[in-house]
Amino acid sequence: MTFVLQGVRRMPFTLAFTFVFLLIGVITGSLWSAAHDKPWFEMVATGLPSFAEGRWWTLFTSPLFADPPFAYLTLLPLILGGIGWAEWQFGSLRTIGLVIVGHLVGVLGAAGILALFTPVDWRWSDRLSQALDVGPSCGAMTALVFAIATLPSPWRLRARIAIVLWVTISVLYLGQLYDLEHAVAMTAALVVSGMLPAFRHPEGRPTEREWRLLAFAGLIAIGAIQIIDLAVPFDGPLGENAPVYSFFDVALDVVVIAFIANGVRIGYRIAWLATVVLAIFNLVTAVISFALIPVLLSGGRIGSAWDVVGLQIAPTLLWVAMLIVMFIARGAFRVPFRRSRRRLSTTPVTPEAVRETLHETGGGTLSWMATWRGNSHMEAADGVIAYQTHSGVAILLGDPIVPDGNERDALEAYASAAQQMGYIPCAFSSSEKIRLAMPQGWRSIVVAEDTLVDLPGLEFKGKAWGAVRTAINRAARENIEFRMVRLADEPWSVRAQVRAISEQWTGDKGLPEMRFTLGTVDDAMDPEVAVGIAVDAEGSLHGVTSWLPVYGPGGVVEGWTLDLMRRRDGGFGPVMEFLIGAAAQHFSEQGHSFISLSGAPLVRTEDTETNAIYAVLDRVAQLVEPLYGFRSLHKFKQKFNPRAEPMHLLYRDEGDLPRVGIALTRAYLPDSSLHDLVGSAAPALRG
């Protein structure tokens, strides 16, 4: 309701015009019957005949009508999406000016072009010079182009490519009067918006991603034109479509384009080669067709040379343009087809080198996870980056392990390497420091909160620490002992109990253990990982926690990050409060600065920024809560009175988010199938 009221306040002209537009359609009957059949149509429609007879008022009456009735279905979205968006961005007065000027430029510009070609014996221009038109599409198109100029990169480029392809194909192949008017209005709007300082956005040299996008869009456009040539009757500036192309010719091109287009988008080398070969094949075919024109004329197979030239010229020019693009941008298409060769770094980084770098430069609260199996590594900015690849996405884990001040260089090197190998780059659970260093144009959202407890002067006094203090006191009464150990050095009986407790916990979930930022017992066996256990007088374990070292520069352990949390069913009740509280005391006595209780995925403070993306994440968090209890875990950690620091997902733009979401699911649950997820979620959701 709030959004509706806001729309009424910010788009009064759009809503008023839409109301008047529909009301006139109802009053005149043009909403359900063709306006061009009405006796008054010539008195309201624009076109060369109207201007020749002095009906200049039609410049202001034509935007209020539509013809035929189904045009309302296309015009209403254009009005709301073009005029409405522009009014939301620029205000009512500026938008009214854009609509009026755009309409006048489109209608009068098209009329001027047709008048210029009147002396020429061109059937298309002769036909359009007798045509009349109504509708507000030129003004709406102009408003839309100016609104697109406000988009951030790369959406601005994508939207401009889409609208240029749409209008170009329409005017060349359908070739109606309104198509020509749209082309004039769009071209003028693009030129003017590019010249005005308020709308000028220097794009710089196209990136690999943009070259791939341009080539992909070109292939799709050529495929669409091939289908139009075969299936859609038209009579445009290139002539009428005659049966020059066979079904086999079109099917061959369309099938090949469909097969290689996604490879071009990713940047495969083999897709580049296939596109070049297909372009050369079509250009050779066009040359042969042009060479056979005299033979076809003499044999009576065609009426004029234009029957071939008109249909071949547009696809031929597009294939020439495609060939030029592919050769200029050949460096953007170097991705090997075999996934095993798609590595971000050709220099291998050993696990020992990762540890050495971490000891020397230090890292964030999640940096020790870079040493876990399942990660790949690349050298960058005098340090190391840990990442995983899933579903065509490269996910940087936590923060780059680099010297202070090198974060931006590391992220840019990582993003460049990922894009060169055809991956979508992103960074997951990155700190605020890394967010401030992300590449220009990237976005961020909060996906978790790191919960930190400062250790200097730590005392469990006061009401806020009541639950922890009670757990420690109760453990003493029940002879539950806390021990901080290196699990790999413990007797087999202790390690067996730890595994049994963990396997019991995993079995209760009905899903494989989550990975990525959540460790396992095998990870807790690392000699540098501290493990806290709660043991009773008989030697039975009631719970276990593992703590990952957080290194500062120079090999000094500044803090510890909580990872593994497992408790025995039927054991000591507040064992987790006891284990975490006792560990905090232990680390405080050793002189460490903090402990991190780690971040619960998809959990954030309620008063943080909210938008459509956060709404989706909140919904996903609600769905997985019955399975893994992230919100419950976050609430439990508040017993230790932590301070919160945001953890971010860094990504290029919103178009990457669906694929990134799939990749993160595979990263956390690499061994689970779709059947596992559905089967485990169904009972929880029913409950």
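Look up a bit, the structure's there.
Described in the following lines is the structure provided in the data block.

Turning next to the overall build of the protein. A count of helices and strands for the protein gives 27 helices and 13 strands. In the protein, the proportion of contacts linking residues at least 24 apart, taken out of those at least 6 apart, comes to 76%. Per element, the accessible surface of the protein, about 31,900 Å² overall, is 63% carbon and sulfur.

The buried count for strand S5 (residues 393-397) comes to 5 of 5 residues, which makes it a mostly enclosed element. Burial along S5 is two-sided: Val-393, Ile-395 and Leu-397 facing one way and Ala-394 and Leu-396 facing the other are all buried. Here strand S4 (residues 383-390) runs beside S5; their pairing, made up of 4 bridges, is antiparallel. Bridge assignment links Thr-389 to a residue of S5, and that residue is Ala-394. Hairpin connection from S4 to S5: 2 residues lie between these consecutive antiparallel strands, with Ser-391 at a positive phi of about 50°. Pairing analysis gives 5 bridges linking S5 to strand S6 (residues 424-430), with the strands arranged parallel. Bridge assignment links Ala-394 to a residue of S6, and that residue is Pro-425.

On the surface, a nonpolar cluster with roughly 420 Å² of combined accessible area is contributed by Ile-280, Val-284, Ile-288, Leu-292 and Val-295. No other element matches helix H14 (residues 269-291), which puts 3 residues into the nonpolar patch. Mapping Ile-280 onto the fold places it in helix H14.

In terms of nonpolar packing, the biggest core is built from 78 residues, with Ile-395, Trp-547, Phe-578, Ile-595 and Leu-649 touching the most fellow members. With 9 residues, helix H23 (residues 575-589) is the single largest residue contributor to this core. Excluding residues within four positions of it along the chain, Leu-649 makes contact with Cys-426, Ala-427, Phe-428, Arg-443, Ser-444, Ile-445, Val-447, Leu-657 and Val-660. Counting residues in hydrophobic clusters, the runner-up holds 38 residues, among them Leu-48, Ala-71, Leu-75 and Val-167.

A separate point is the pattern of salt bridges. Enumeration over the complete set of coordinates arrives at 19 salt bridges. A salt bridge links Asp-404 to Lys-433; its shortest N-O distance comes to 2.7 Å. Of this pair, Asp-404 sits in the loop between S5 and helix H18 (407-420) while Lys-433 sits in helix H19 (residues 432-435), and the two are 29 residues apart along the sequence. On the accessibility criterion, Asp-404 (60% relative accessible area) is exposed. Since its relative accessible area comes to 45%, Lys-433 is described here as partly exposed. When the shortest N-O distance is used, the salt bridge between Arg-499 and Asp-522 registers 2.9 Å. Here the residue Arg-499 occupies a position in helix H21 (residues 492-509), and Asp-522 occupies one in helix H22 (residues 521-524), the gap between them amounting to 23 residues. A relative accessible area of 34% means that Arg-499 is categorised as partly exposed.

Attention now goes to the packing of helix H6 (residues 71-90) against helix H9 (residues 137-148). Following both chains from N to C, one finds H6 and H9 inclined at 45°, their axes separated by 8 Å at the closest point. Considering the angle they form, H6 stands oblique to H9. Where H6 crosses over H9, the handedness of that crossing is left-handed. Between H6 and H9, the contacting residues are Leu-75, Leu-78, Ile-79, Gly-81, Gly-82, Ile-83, Trp-85, Ala-86 and Phe-90 on the first element and Ser-137, Ala-140, Ala-143, Leu-144, Phe-146, Ala-147 and Ile-148 on the second.

Time to look at the sheet that holds strand S11 (residues 557-567). Across the sheet, 11 strands lie side by side as S3-S4-S5-S6-S13-S7-S12-S11-S10-S9-S8; this open sheet has mixed pairing. Each end of this open sheet is capped by a strand with a single partner; those strands are strand S3 (376-380) and strand S8 (481-485). Going from strand to strand, the sheet's axes swing by 30° on average, the running direction of each strand aside. Pairing geometry for strand S7 (residues 443-454) and strand S13 (residues 643-651), over 9 bridges, is antiparallel. Paired with Asp-450 across the two strands is Glu-645, which belongs to S13. Those strands touched by helix H17 (residues 351-361) are S3, S4 and strand S10 (541-551), and its axis lies near 130° from that of S4.

Our focus in this paragraph is the packing of aromatic side chains. In this structure the tally under the stated criterion is 17 aromatic pairs. With a centroid separation of 5.0 Å and 40° between ring planes, the pair formed by Phe-21 and Tyr-72 is classed as tilted. Placement of Phe-21 in helix H2 (residues 12-28) and of Tyr-72 in helix H6 is noted, with a sequence separation of 51 residues between them. As far as the burial class goes, Phe-21 and Tyr-72 line up, both buried. When the centroid spacing of 5.7 Å and the interplanar angle of 75° are considered together, the rings of Phe-636 and Phe-640 count as edge-to-face. Here Phe-636 matches Phe-640 in class, with each residue buried. Connected via pairs of aromatic rings, a cluster forms that spans Phe-13, Phe-17, Phe-21 and Tyr-72. Sitting over the ring of Trp-155, Arg-158 keeps its end group 4.6 Å from the ring centre.

Attention shifts here to unusual backbone geometry. The general pattern is negative phi for most residues beyond glycine and trans for most peptide bonds. In the segment running from Asp-67 into Pro-68, the intervening peptide bond is cis, with an omega of -5°. Tracing the sequence through the fold places Pro-68 in the loop between helix H5 (58-61) and H6. Not every positive phi belongs to a glycine, and Ser-429 is a case in point at roughly 60°. Note on placement: Ser-429 falls in strand S6. For Ser-429, a relative accessible area of 8% corresponds to the buried category.

The rules behind these values
- Residues numbered from 1 in each chain as written.
- Predicted model: local features only at pLDDT ≥ 70, side-chain atom pairs only at ≥ 80, totals over all residues.
- Heavy atoms only, no water.
- Helix = DSSP H or I, 4+ residues; strand = E, 2+ residues; numbered from the N terminus.
- Contact = heavy atoms within 4.5 Å.
- Areas by Shrake-Rupley, 256 points an atom, 1.4 Å probe, with all protein chains shown as cover.
- Buried < 20%, exposed > 50% of the residue type's maximum accessible area, 1.4 Å probe, protein only.
- Pairing = 2+ DSSP bridges.
- Patch = residues over 30% accessible without salt bridge, like charges linked within 9 Å, V, L, I, M, F, W, Y side chains within 5 Å.
- Salt bridge = Lys/Arg side-chain N within 4 Å of Asp/Glu carboxyl O.
- Core = buried A, V, L, I, M, F, W, Y, C linked by side-chain atoms within 4.5 Å.
- Axes fitted to C-alpha atoms, helices over the stretch in contact; angles between N-to-C directions.
- Parallel < 35°, antiparallel > 145°, perpendicular 65-115°, else oblique.
- Left-handed = near helix turned anticlockwise from the far one by under 90°.
- Phe/Tyr/Trp six-rings, centres within 6.5 Å; stacked < 30°, edge-to-face > 60°.
- Lys NZ or Arg CZ within 6 Å of the ring centre and 35° of its normal.

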